[in-house]
Amino acid sequence: MAFYIQKYGGTSVGSTERIKNVARRVAKFHAKGHQLVIVVSAMSGRTNRLISLAKEVQDNPDPRELDVMLSTGEQISIALLSMALIELNVKARSYTGSQVRILTDSTHSKARILEVDENKIRADLDAGYVVVVAGFQGVDAAGNITTLGRGGSDTTGVALAAALKADECQIYTDVDGIYTTDPRIVPEARRLETITFEEMLEMASLGSKILQLRSVEFAGKYKVKLRVLSSFEEDGNGTLITYEENEKMEQAVISGIAFNRDEAKITVLGVPDHPGIAYQILGPIADANIDVDMIIQNVGHDGLTDFSFTVHRREYSNAMQILKDKIQGHIGARNIVGGDKITKVSIVGVGMRSHAGIASKMFRVLAEEGINIQMIATSEIKVSVVVDEKHMELAVRVLHKAFDLD
Ligand code: ASP
Ligand code: MG
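Residues numbered from 1 in each chain as written. Chains lettered and ligands numbered in written order. Predicted model: local features only at pLDDT ≥ 70, side-chain atom pairs only at ≥ 80, totals over all residues. Heavy atoms only, no water.

Peer 1: When you look at the pairing of strand β1 (residues 3-8) in this model, what are you seeing that I'm missing?
Peer 2: Remark: a regular strand shows side chains that alternate across the two faces of the sheet. Counting buried positions over the 6 residues of β1 gives 6, a clear majority of the element. Two strands pair when backbone bridges link them, and β1 and strand β2 (residues 35-40) are joined in this way by 6 bridges, in the parallel orientation. By the bridge assignment, K7 is partnered in β2 with V39. With respect to chirality, the unit in which β1 leads through helix α1 (residues 16-31) into the neighbouring parallel β2 is right-handed. The pairing of β1 with strand β9 (residues 168-173) spans 5 bridges and is parallel. Across the sheet, Y4 pairs through a bridge with E168, a residue of β9. (Buried < 20%, exposed > 50% of the residue type's maximum accessible area, 1.4 Å probe, protein only. Helix = DSSP H or I, 4+ residues; strand = E, 2+ residues; numbered from the N terminus. Pairing = 2+ DSSP bridges. Right-handed = clockwise from strand over helix to strand, strands pointing away.)

Peer 1: Any chance you could explain the site of ligand 1 here in plain terms?
Peer 2: Around ligand 1, the structure places S41, A42, T47, E74, F136, R150, G151, G152 and S153. Here T47 contributes a side-chain N or O atom positioned 2.8 Å from a nitrogen atom of ligand 1. Note that an oxygen atom of ligand 1 is positioned 2.7 Å from one of the side-chain N or O atoms of R150. If ligand 1 stood free it would expose 260 Å²; the protein chains cover 85% of that surface. Residue composition of the shell around ligand 1, by class: 2 nonpolar, 5 polar and 2 charged. (Near = heavy atom within 4 Å. Polar contact = N/O pair within 3.5 Å; in protein donor to acceptor, adjacent residues only side chain to side chain. Areas by Shrake-Rupley, 256 points an atom, 1.4 Å probe, with all protein chains shown as cover. Nonpolar A, V, L, I, M, F, W, Y, C, P; charged D, E, K, R; others polar.)

Peer 1: Help me out: how do you make sense of the packing of helix α11 (residues 358-368) against helix α12 (residues 392-402) in this one?
Peer 2: Packed helices, taken two at a time, are described by their axes: the angle between them and the distance between them. Where α11 contacts α12, the two axes come as close as 10 Å, and the packing angle between them is 130°. As summarised for this structure, α11 and α12 are arranged oblique, according to the angle between their axes. Note on packing geometry: the crossing formed by α11 with α12 is right-handed. Contacts from K361, M362, V365 and L366 of α11 reach α12 at A395, V398, L399 and A402. Residues belonging to the contact of α11 with α12 are distributed by class as follows: 7 nonpolar, no polar and 1 charged. (Axes fitted to C-alpha atoms, helices over the stretch in contact; angles between N-to-C directions. Parallel < 35°, antiparallel > 145°, perpendicular 65-115°, else oblique. Left-handed = near helix turned anticlockwise from the far one by under 90°. Contact = heavy atoms within 4.5 Å.)

Peer 1: Help me out: how do you make sense of unusual backbone geometry in this one?
Peer 2: Working note: non-glycine residues mostly have negative phi, and peptide bonds are mostly trans. Residues other than glycine seldom take positive phi values, yet S109 does so here, at roughly 75°. Positive phi outside glycine occurs at N289, with the angle close to 65°. Tracing the sequence through the fold places N289 in the loop between α9 (277-287) and β15 (292-297). By relative accessible area, which is 63% here, N289 ends up exposed.

Peer 1: I'm lost on the environment of R112 in this one. Help?
Peer 2: Relative to the elements of secondary structure, R112 occurs in the loop between β4 (102-104) and β5 (113-116). Not counting chain neighbours up to four residues away, the residues in contact with R112 comprise L103, T104, D105 and R214.

Peer 1: Help me understand the sheet that holds strand β17 (residues 335-339) in this model?
Peer 2: Strand pairing in a sheet relies on backbone hydrogen bonds. The paired strands run either parallel or antiparallel. The sheet built from 4 strands is open, its strands ordered β15-β16-β14-β17 with antiparallel pairing. At either margin of the open sheet sits one strand with a lone partner, and together these are β15 and β17. Averaged over all pairs of adjacent strands, the angle between strand axes in this sheet comes to 15°, irrespective of strand direction. Relative to strand β16 (residues 304-312), β15 runs antiparallel, the two being bridged by 4 bridges.

Peer 1: Can you walk me through the packing of helix α7 (residues 197-205) against helix α8 (residues 213-222) in this structure?
Peer 2: Here α7 crosses α8 at 160°, and the two axes come no closer than 9 Å. The angle between α7 and α8 falls in the class roughly antiparallel. Where α7 crosses over α8, the handedness of that crossing is left-handed. Contact residues: α7 offers F197, M200, L201, A204 and S205, while α8 offers L213, V216, E217 and G220. Broken down by class, the residue content of the contact of α7 with α8 amounts to 6 nonpolar, 2 polar and 1 charged.

Peer 1: What is the right way to read the layout of surface pockets from this model?
Peer 2: Which parts of space are left empty comes out when a probe the size of a water molecule is rolled across the atoms. Counted as a void, the second largest pocket has a volume near 380 Å³. Around the second largest pocket sit 17 residues that line it, and F29, Y172, E234, D235 and G236 are the ones nearest its centre. For the lining of the second largest pocket, the secondary structure elements donating two or more residues are α1, β9 and β11 (226-230). (1 Å grid on protein atoms, 1.4 Å probe; cavity = no way out; pocket = protein on both sides within 12 Å on 5 of 7 lines; lining within 4 Å. Points joined across faces, edges and corners; volume = space filled by probe spheres on them.)

Peer 1: What am I meant to see in the environment of V132 here?
Peer 2: Here V132 shows up in strand β6 (residues 130-134). Accessibility expressed as a relative area gives 0% for V132, which makes it buried. Taking the C-alpha atoms as reference points, V132 and L206, separated by 74 residues in sequence, lie 31 Å from one another. Apart from residues lying up to four places away in sequence, V132 is in contact with I38, V40, I78, L81, S82, L85, R93, S94 and Y95.

Peer 1: Explain the pattern of salt bridges to me, please; I cannot follow it from the model alone.
Peer 2: Scanning the entire structure with this criterion turns up 20 salt bridges. E168 serves as the salt-bridge partner of K225, at 3.9 Å between the closest nitrogen and oxygen. Here K225 is found in the loop between α8 and β11, whereas its partner E168 is found in strand β9, with 57 residues between them in sequence. Classification of K225 by relative accessible area gives partly exposed; the value is 41%. (Salt bridge = Lys/Arg side-chain N within 4 Å of Asp/Glu carboxyl O.)

Peer 1: For this particular structure, what's the right way to read the nonpolar core?
Peer 2: As a rule of thumb, nonpolar side chains are buried together in soluble globular proteins. Within the largest apolar cluster, 43 residues are counted, with the highest numbers of intra-cluster contacts made by I5, V37, I121, V133 and L160. Counting residues per element, this core draws most heavily on helix α6 (residues 153-164), at 7 residues. The contact partners of I121, leaving out residues within four places of it in the chain, are V37, V100, V131, V133, L160 and L164. Judged by nonpolar contacts, the second largest core, of 25 residues, contains V26, M43, L81 and A134. (Core = buried A, V, L, I, M, F, W, Y, C linked by side-chain atoms within 4.5 Å.)

Peer 1: Sorry if this is basic, but what is going on with the sheet that holds strand β20 (residues 382-388) here?
Peer 2: Taking strand neighbours across the sheet as the criterion, the 4 strands line up as β13-β18-β20-β19 in an open arrangement whose pairing is antiparallel. Edge positions in the sheet fall to β13 (256-260) and β19 (375-379), since each of these pairs with one other strand and no more. Neighbour to neighbour, the strand axes of the sheet diverge by 20° on average, direction disregarded. Taken together, the 5 bridges between β13 and strand β18 (residues 342-348) define a ladder with antiparallel strand orientation.

In structure tokens:
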């Protein structure tokens, strides 16, 4: 007998039929004697529809009220799933985030979990209930409803697993695990039996959308045993996230290739090369709450240098505007150019630490295909390049093959 937190995402609960299917799966686990806390997302598309509805009334919906509204998506799912379980003669009870008391800070739309009250859940589990908890939401100290950011139900699942010390947190989704890359781009992509926590963290931050980045960070902090599985298949081991490199069976140098189509690049040309320039450029960008990803500054020549960085595509025009209005004249930059027709392609693997020449192999493979690299960034376990978006698929395919992932 084990204690599992199982999280089912939006597509897994996308219709009442699918909710009944989830209930059947849960009932099977329950019949085996396992203790279960089930976390669910809103039915697929629901959160987006709620956002559009809010925007019909207010262009920029009031953050507190928007959270009140968005939390209803998950509230519908927990009630429906509990009904479906009761219909199967399984004792079940649902709770919203604030009923459990998933205490968060007060940052509406991206609140952080501070504390999870385990009392109600424990009492119900001891009384033989399956406990169904709304993902993506919490409550702040003053009693306001908060939400955890898009994809936040993953984080609810992991936080509950950490607080209740579950044996495993199982994230059920529409794919059967973490793949070497997106199988829609490379049909030869393989499911990984295991992936290290650090690799998963890189993959999530590089644009693989399977787990919310924050849920991976949370899992790492509390060493939660985390597994990604398909809710549409009867069995299968999915992918287990491990915390020890030697737990990893397949010792490939590169574990996966990630890509992100959501970025845009901006270059400030001919900036005076003196102390404080990076701060003068990026300060106002940060003040506008725009996240910056890659940053490159060239070696100066004749007292001038160029400065490039990438931002999320949806912030591109906003960032350009700020640079042109507030920064260009102020720092005396010659010009500001940019483009949003780019993709970031990254290779990720802890094996890079012990193998030389991985980056140069990546560059050679891309050069052989005539793919121009516009920017490069590296960390201990990843190499990222920015290429023209029209080269993205080719780049991912040739790299997948070159690093023996096919
Ligand atoms: N329903 C929320 C969203 O669509 C949270 C989640 O699904 O994890 O982002
Ligand atoms: Mg998700």
